[in-house]
Every structure is written in C-alpha cells, then in structure tokens.
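Listed below are the residues making up each chain.
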Amino acid sequence: MRKLTIIAIGVATFLGACKTDFNSSESSKDTVVEQRVTDLLSKMTLDEKIGQLNLRGTSSRVKGSLPEELKQAVREGKIGAFLNVMNTDYVDELQKIATEESPNKIPLIFARDVIHGFKTIFPIPLGLAASWDTEVAKISSRVAAIEASSVGIRWTFAPMLDISRDSRWGRVAESPGEDPYLASLLGKAYVEGFQGDSLNDPTSLLACAKHFIGYGAAIGGRDYNTAIINKELLHNVYLPPFKAAFDAGSQTVMTSFNETNGIPASGDKQLLRDILRDTFQFDGFVVSDWNSVTEMIPHGFAKDEKHAAEIGINAGLNMEMTSKSYENHVKELLSEGKVTEKQINELVADILRVKFRMGLFENPNRVQKTTKVLYAKNHLELAKEAVIKSSVLLKNNNNVLPLNKNTKIAVIGPLADKPREQLGTWTFDGEKEHTITPINAFQNEKVDFKFVEGLSYSRDKSEAQFQKAIQAAKQSDVIVFIGGEEAILSGEAHSRADINLPGAQEKLIKELAKTNKPIVLVIMAGRPISITNIIDDVDAVLMTWHPGTMGGPAIYNMIFGDKEPGGRLPITWPKVAGQLPLFYNHKNTGRPASPEEFVHMDSIPIGAWQSSLGNTSHYLDAGFTPHFPFGYGLGYTEFKYTNLKLSSDKISKDQSIKVTVDIENTGKRSGEEVVQLYVQDVVGSITRPVKELKGFERIALQPGEKRTISFEIKLEDLKYYNSELTYDVEKGDFNVWIGKNASEGLKASFTYE
C-alpha cells in the first residue's frame, strides 16, 4: 500500500516509528509498573478504589463554573476520569486538585469523542476505510491526537471496529465497513496513530476499541438493537479487528449497547473475561458505553441498579461511563458477598496500570501549545489528501470527468455550500468557520460557475427554487449537483429505513436532466445512498462521504482532474434498502442465484402458473446483485488484467503459493489501481464464504505501463474457526481471484492436501 506524502512541517511529529513501545505480552511483564500498581493499591481506601471506577461528565461539556461538589469529589479521590470537559482552565484546575490535594495524588484522564479529527476534520471513518490505505487512517488519528492532546484530552473513544453489513444503520458512518481483513488493518493503523510511538508522549491519545461486540449486527440496522451472532461468525468476522487493535497496543475497550445472543455486552462474562482477558490476553481496562450498565435494566437482564452493578463487576467491566451504579452500590455488594475485594482490586489495578503507562504520575498536565497545532497548515493538507484518497468514482459515462477548466458550470444542490454538514457525524469540536466548501473552493480558484441551491437543505421538499436552478443549468455547459444527506441524518441513533436521497433531490435531478446537460452528481453522506431511481439521469457519480474540513478543495481538484479519486468501496452498495443486509462475503445457498436462472417480476406473464420461477435465492424486483460491489471504484484511466499465474497448484505446511498477475494502464493518463486478492475455501466443515479478501496493493502506472504484481498465500491466510472453535486450515480445494473488486477478476485454483 503506497504511503501518503507527509506535507511540510513537523514530519517526525506525525509518524516517527508510529508504533507503541510495548505490546500486551511485553506490558504484562513490566514488573516496575506492576510493583507501582501493587504499592498504590495498598495505600488506597475503598472510596478511592470505587472512585477510579467512575467516568464522569456531561453529554456535551461542563458549562459555567466548576461546581464545588465536583471539585470536592476529585479532592477526595472519588473520580477516576472525566468526559467532555473542554474548558482548558477546568482541565488544568481539576488535574491540579487530583495530583496535589487528593489522598494518593492519582491523576485524572480526560476523555472526548475524537473520532475523525478534533479541529481539523478528516472524512468520516467509513470514508477513510474507502481509501484502502492504512497510512491515511494512521495519519488522520495522529493529527487528531496532536490537536486534542493540546487541550488536555488524552483518551478518545475510537476506533470503532464494528463490522457493518447494513447501510440503514446510522453508525455505519463510523465503521470500517463490512470486511474483517480490511477492518483489522485499519484498526491497527488507527491505534498506532492515536497512541503514537509512546504512551507517555504528551501527544499520545489512548485508543479505545469499540464496540465490543456485535453492535454493527443490530437487527434491521436499528441502533441499539439485538444482535444474533453464532460463535463461528463471532470469531471469524466480528472479533478479528479487535484482536488486531489489541495486538497494536490499544489500552482500552468499550462495551457495546446491544445484547448479543441474549446477553448485554456490559454484563457478558464470557465476552469480557473468557475472550478478552483469557484468549486475547488484554491487560488494559474496559469502559462501558454511555449508561450501558444501568441500561441492562430495560434490557431485562438486571432487576435494578444494584443488580446491574453486580453483573458488571462480575463480568469484569472496569469503568462505568456516566451512570452511578458502581458508586452507589459497591460497598453494599461487598458487605453482602456478591462481589469481592479481590475483584475490586483487579478492576482498579487495570486502570492504574494504564495511567502509569501513560506517564501521568510524572507528567499529568497538558502541553501548552494549542495555537500552534489547531488547523496547522500541514494538518489541512493531509486532510485534503485524505478526501481525495477516500472519494469513490462510481460512474463516469463518456469520460465526462474530469472537466475542462474552461467549462461553464451550474453548481446546484443543498450541500454545495454547507460547511457544518460536510463535517459529518461525531464532530463536536469541528468548526464551520474553518471548513472550505465546494463553493468556497470554486470561488478561490475563479471557476466559471453559477450557484443555485435548488433546495435549502437535504430534506427540503419545496420546489420554489426549481425554475431558478433549471435556468442556471440551461445557461451552462455542465451541471454539478452536490447533494446527499445532512450530517444529522447519520451517526448514532440515526438509522434510516429509506436510504434514497432525502427530500426533493431526486425530483430536482430529474427536472435538471430534461435540460440535456451533462450532470455530475457529487454525494456527501454517511452511508451508501440508493441512487437507482436517478442513476440513468446523471453522467457521473462521485461519492465523497462526509469529507470534513477540506472537502471543497479536494472536490475541486478531483472534478477538474488535478487529482484522481482514489477510493474503493469498503461496503457493498445496494440498489435498494430492501436488499439489506448485503455483503460480498456471504455464503452460498443450496440454490445460489445466477444470471441464467434469474427472472425479473416484470418478465412474469400475467396469469402465469404458480411456480418457483428460477428456483434460486433472489428478489423478484431487485435481483441478487448490488448496485456497486465491495472494492468497486473507477479512476480516470483504464487497467487491464492478464496472465494470472500460481507458483504451484498445491500448497503445503512448509511452503506458500505465489500468485502473480500483469496489470497494464491502457488509458491515456496516469492513474492508480487497487489490485485485490480474494480466496474461496470451496468445501469446509462449516460452509465458507463465496469469497474473502486476503490482500490488496495500490499501484500507480503511467499510460502504457505494465507491471507484474505478486501476492503470497500462506496456510495461515486460509485458517478459520470451525464449529468446535478450532482455528486451522482444512484440506481441500481453493479458488483465488485477482481483480478490481469483489465481483470481477481472473480466477485460478489450488489444493491443500
């Protein structure tokens, strides 16, 4: 995977070694830290220990003056961490009280949801996943860490590593997509970027792998809902990204809101002890999601707050976010013998261990350099490059893109000049005043354009501006329609049953199409948007997700060909919401769908005799294929794949197979291609997916240039968890493809005997 070029100042600050200075197995052997933890525990009162289990804060930020009651709680050592304290004077004051006035001078950790940027906002995580570039993910989190730590934030609730196969789910915007291999690479990169080369560096931001586990599998894509995941699927699909994050050194993990197979995650002992602690050897600490401990009561898993605390402690959940069941009931539970002092000590030790590793006892205070890093020039350049890497060109009929810079353009659409909306979900600290919209960029570059919104916001159904927009279109050479969905329509609690363009956007596009002017549709959204109804009305489609602070300049560069959109879909793009959940690495049925067998409902004769019509797994109206497959993305040139070769048609325990293919740029301009490797285990002791991503490489080729690309397949790449949860590879036949996406490619086969 080609690395981004680091721009201008502070190169070493961004990456350095870009890895933590320990891993889980090494950290468990750190006898110095363990001795310090043991010594400190021996001095702490029970009230102080309970205090370390408390994460306190508000839904946005502490406002007004600091309450004396809050300061006194810190003075008595009754709070372990704070959430959403954004006034730096308050951060400084609270930390001073903790480290100078509390009984054992235990420092606080200040936390914030820093998801895809702090002030400089990068594309949403689903967009970053579309870059198929771990360096983009790593740089985005390093920039976020540098900016957030300058105001005292040392802990973020990211990365979210929930595998998501349903675009209706609002939090798909925050996910790494549908594939565990890609998500695992991204998870590692995010952790390394947030935490930097050492946890005790003042710019290091504690990573928090979330949500553990299965949040992205919520029924119907409805947030907070039930997930049903069998044990094989759990280990083969949903756990790998978390394992990768822990191996990269993630010190914290967050439990999910949902229940999985009947047990809410915050009270799931098998999940938090057997899998997390015993199998993964995780030795950081576990934090609940917002009130998720006491939410076990409405789940029907706990009868009251006291019972919820008992369940959480026995499951091994260390820190309770915002709710107070631990604070209110630990003493009573101890006196009743429902929890033990040993359990409390273990929970507290996990938190203290992380605080020692962070160097907070030696350097608890923030670094005073805010004005030097927020919106730094190189941060903005990196954010712009990330937009270009993340944007996916879905359609480009007759090479309408890139546009000639002399083209007369009608810019129309509700998101063309909406600085707040293009930042996307989870951007509490992003500021619209620093956002550059496409209109801003076009003005700065002196583009010949006329702007008419047509619709005032994405959900607008008024047609009052239609005629003005149509008139502007008639006077122009091409229409650039910038639409999608407002930021508030995606993210937590913002699931949608209908994922078409909201409001009257489709109707306006159809009216504009009557002018017979080419239409370039630019989509800003937090999810794949169903564009089936208008795909034939537009000539080009560019998906920029919610692109963040620098979306405007990046869109300008791509539309006019200064840069090529580099993204590939990290999630399958449906024709209609009724196909969801939809994902490339599905299982076959006993009657798999095929083009030869498919019968569309419009082809069924009136009064037809009742039959099974093709006898395969499909929808009569939407068929069985997506609109755009996983891994899909166009560029401004064409690539030809030829000469797929395997070094052997057999693989053994001691030898791997080398797979090579020739890639040629057959177009007229230079470009980049993401070459993708997929493998299928044809027959397994449990049925296996039709394809699984096992490797990819981004290459750049000049016109007419040809290059041989090679991948190595090892037995380790073929292993999976069977019904006995044995992780191994089984003898048999395998298919391998190399291609542009999950739906096309050259195919070969090999055998493991």
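This one's a predicted model, so the numbers in the text were calculated from it and none came from an experiment.

### Quick look at the overall build of the protein chain
For the protein chain, the count of helices and strands is 22 helices and 26 strands. On C-alpha atoms alone, the protein chain measures out to a radius of gyration of 27 Å, which is about the 27 Å that the 2.2 N^0.38 rule sets for 753 residues. Taking the principal axes of its C-alpha atoms as reference, the protein chain extends roughly 75 × 65 × 55 Å. Considering only residue pairs separated by 6 or more positions, the protein chain has 79% of its internal contacts joining residues 24 or more positions apart. When the accessible surface of the protein chain is totalled, it reaches about 28500 Å², and 47% of it is carbon and sulfur.

### Remarks on the environment of lysine 719
Along the chain, the position of lysine 719 falls in the loop between strand 22 (706–713) and strand 23 (720–721). Lysine 719 has contacts with Tyr727, Asp728 and Val729, leaving out every residue within four places of it along the chain. For lysine 719, the side chain forms a polar contact with the side chain of glutamate 716, separated by 3.0 Å.

### Some thoughts on the sheet that holds strand 5 (residues 208–212)
The strand order across the open sheet formed by three strands is 5-6-9, and the pairing between neighbours is parallel. In this open sheet, the two strands that pair with only one neighbour each are strand 5 and strand 9 (285–287). Ignoring strand direction, the axes of neighbouring strands in this sheet form an average angle of 30°. Two elements, strand 5 and strand 6 (residues 252–255), share three bridges in a ladder whose sense is parallel. Looking at the pairing, cysteine 208 lines up with threonine 252 of strand 6. Sheet contacts for helix 11 (residues 240–247): strand 5 and strand 6; angle to strand 5, the most-contacted strand, approximately 160°.

### Digging into the domain arrangement of the protein chain
The figure often quoted for interface size is the accessible area lost as the parts come together. With domains assigned, the protein chain is organised as domain 1 (378–560) and domain 2 (639–752). Centre-to-centre separation of domain 1 and domain 2, based on C-alpha positions: 36 Å.

### Structural notes on the packing of aromatic side chains
Following the criterion strictly, the structure yields 26 aromatic pairs and no others. Here tyrosine 556 and phenylalanine 560 contribute two aromatic rings whose centre-to-centre distance is 5.1 Å and whose plane-to-plane angle is 45°, an arrangement assigned as tilted. Judged by relative accessible area, which is 6%, phenylalanine 560 ranks as buried. Ring centres of phenylalanine 734 and phenylalanine 750 lie 5.3 Å apart, and the angle between their planes is 10°; on these two criteria the pair is classed as stacked. Here phenylalanine 750 lies in strand 26 (residues 744–752) and phenylalanine 734 lies in strand 25 (residues 732–741), a separation of 16 residues in the sequence. Among the residues examined, phenylalanine 734 registers a relative accessible area of 1% and is labelled buried. Relative accessible area serves as the criterion here: at 2%, phenylalanine 750 is assigned to the buried category. Feature note: the residues Trp132, Tyr181, Tyr584, Phe630, Tyr678 and Phe696 constitute an aromatic cluster, connected by ring pairs. One cation-aromatic arrangement involves lysine 119 over phenylalanine 118; the distance from NZ or CZ to the ring centre is 5.7 Å. The lysine or arginine in question, arginine 165, covers the ring of phenylalanine 583, its NZ or CZ lying 3.8 Å from the ring centre.

### Considering the sheet that holds strand 19 (residues 657–665)
Taken together, the three strands give an open sheet; going across it, the order is 17-19-22, and neighbouring strands pair in antiparallel fashion. Every other strand in the sheet has two partners, leaving strand 17 (639–646) and strand 22 as the edge strands with one partner each. The sheet shows a mean angle of 20° between the axes of neighbouring strands, direction not considered.

### Brief notes about the packing of helix 3 (residues 31–43) against helix 16 (residues 341–357)
Packed helices, taken two at a time, are described by their axes: the angle between them and the distance between them. Two numbers describe how helix 3 lies on helix 16: the axes approach to 9 Å, and their chain directions differ by 130°. It follows from the interaxial angle that helix 3 and helix 16 lie oblique. Read as a crossing pair, helix 3 and helix 16 show a hand that is right-handed. When helix 3 is examined against helix 16, the residues Val33, Glu34, Arg36, Val37, Leu40 and Leu41 are found in contact with a partner set consisting of Asn345, Val348, Ala349, Leu352, Arg353 and Phe356. Class assignment of the residues belonging to the contact of helix 3 with helix 16 gives a composition of eight nonpolar, one polar and three charged.

### Remarks on helix 21 (residues 505–513)
For helix 21, the complete set of buried residues consists of Gln505, Glu506, Leu508, Ile509, Leu512 and Ala513. The buried residues of helix 21 occupy an angular sector of 160° when the element is viewed end-on, so they sit on one face. Against the buried residues of helix 21 lie strand 12 (409–412), helix 20 (466–474), strand 14 (478–484) and strand 15 (519–524).

### As for helix 11
All of the buried residues along helix 11 are Pro241, Phe242, Ala244, Ala245 and Phe246. Among the residues trailing helix 11, glycine 249 stands out with phi positive, at a value near 105°.

### Structural notes on the environment of lysine 389
Its place among the elements puts lysine 389 in helix 18 (residues 377–390). A relative accessible area of 4% places lysine 389 in the buried class. Separated by 249 residues in sequence, lysine 389 and glutamate 638 place their C-alpha atoms 18 Å apart.

### Focus on the side chain of arginine 698
Mapped onto the fold, arginine 698 is located in strand 21 (residues 692–701). Arginine 698 gets classed as buried once you look at its relative accessible area, which sits at 6%. For arginine 698, the side chain forms a polar contact with the main-chain oxygen of serine 131, separated by 2.6 Å. Engagement of the side chain of arginine 698 in a polar contact is seen with the backbone oxygen of glycine 566, the distance being 2.9 Å.

### Observations regarding the UniProt feature "domain: Fibronectin type III-like" (unreviewed entry) in the protein chain
Residues given the UniProt feature "domain: Fibronectin type III-like" (unreviewed entry) here are residues 673–742. Across residues 673–742, the secondary structure splits into 0% helix and 59% strand, with the terminal C-alpha atoms separated by 14 Å.

### So, the pattern of salt bridges
Under the counting rule described, the total for this entry stands at 45 salt bridges. One salt bridge in this structure joins arginine 171 and glutamate 174, with 2.8 Å as the shortest N-O distance. For glutamate 336, the salt bridge is made with lysine 338, and the minimal N-O distance between the two is 3.3 Å. Take lysine 338: its relative accessible area is 38%, and that puts it in the partly exposed class. What you see here is one network of salt bridges that share partners, running through Glu68, Lys71, Arg75, Glu93 and Glu101.

### Quick word on the nonpolar core
Among the nonpolar cores identified, the biggest contains 123 residues, and Leu55, Trp155, Phe157, Phe212, Phe246 and Leu352 are the most heavily contacted of them. Looking at which element gives the most residues to this core, the answer is helix 16, with eight residues. A domain-level breakdown of this core finds at least three residues from each of domain 1 (378–560) and domain 2 (639–752). Residues in contact with leucine 55, not counting those within four places in the same chain, are Ala81, Phe82, Leu83, Trp155, Phe157, Val287, Met319, Glu320, Met321 and Thr322.

### Some remarks on the pairing of strand 26
Of the pairings in the sheet, the one linking strand 18 (residues 650–651) to strand 26 comprises two bridges and is parallel in character. Looking at strand 26, one finds that lysine 650 is bridged to threonine 751. In this structure, strand 25 lies alongside strand 26, joined through eight bridges in antiparallel fashion. Directly across from phenylalanine 734, in strand 26, lies its bridge partner phenylalanine 750.

Definitions and limits used
Residue positions are given per chain, counted from 1 along the sequence in the order it is written. For a predicted model such as this one, the threshold for reporting local features is a pLDDT of at least 70, and the threshold for listing and counting side-chain atom pairs is 80 or more; totals across whole chains, interfaces and linings nevertheless cover every residue. To get the side-chain values, take all heavy atoms of the structure and skip hydrogens and water. The helix and strand labels rest on DSSP assignments: H or I over at least four residues marks a helix, E over at least two residues marks a strand, and numbering proceeds from the N terminus. Both definitions apply: the radius of gyration is a C-alpha atom measure, and the globule rule equals 2.2 Å times residues to the power 0.38. Any pair of residues with heavy atoms lying within 4.5 Å of one another is described as a contacting pair. Accessible surface area values rest on a Shrake-Rupley calculation with a 1.4 Å probe, where residue burial reflects the displayed protein chains alone. Identification of polar contacts relies on pairs of N or O atoms within 3.5 Å, with a donor-acceptor requirement for protein atoms, meaning one able to donate a hydrogen and the other able to accept it, and with residues adjacent in sequence counted only if both atoms are side-chain atoms. Think of it this way: DSSP has to see at least two bridges between two strands before they count as a pair. With axes taken as lines fitted to C-alpha atoms, and helix axes fitted only over the stretch in contact, angles between N-to-C directions fall between 0 and 180 degrees. These domain limits were set by an automatic method or by a database of domain assignments. Two rings from Phe, Tyr or Trp (for Trp, the six-membered ring) form a pair when their centres are within 6.5 Å of each other. A pair whose planes differ by under 30 degrees is stacked, one over 60 is edge-to-face, and the rest are tilted. Buried residues are those whose accessible area, probed at 1.4 Å on protein chains only, stays under 20% of the maximum for their type, while exposed residues exceed 50% and partly exposed ones sit between those limits. In this scheme, the term charge over a ring applies when either NZ of a lysine or CZ of an arginine sits within 6 Å of the ring centre and within 35 degrees of the ring normal. Each angle gets one of four labels, with under 35 degrees taken as roughly parallel, over 145 as roughly antiparallel, 65 to 115 as roughly perpendicular, and the rest as oblique. With the far helix as reference, a near helix turned anticlockwise by less than a right angle produces a left-handed crossing, and one turned clockwise produces a right-handed crossing. In this classification, the charged set is Asp, Glu, Lys and Arg, the nonpolar set is Ala, Val, Leu, Ile, Met, Phe, Trp, Tyr, Cys and Pro, and all remaining amino acids, among them Gly, are polar. Working definition: the arc comes from the directions between the helix axis and the C-beta atoms, pointing outward to the latter. UniProt positions are given in the numbering used here, feature names are shortened, and annotations may be inferred rather than shown by experiment. What makes a salt bridge here is a side-chain nitrogen of Lys or Arg within 4 Å of a carboxyl oxygen of Asp or Glu, nothing more. Nonpolar cores were defined as sets of buried Ala, Val, Leu, Ile, Met, Phe, Trp, Tyr and Cys residues, with membership established by side-chain atoms within 4.5 Å.

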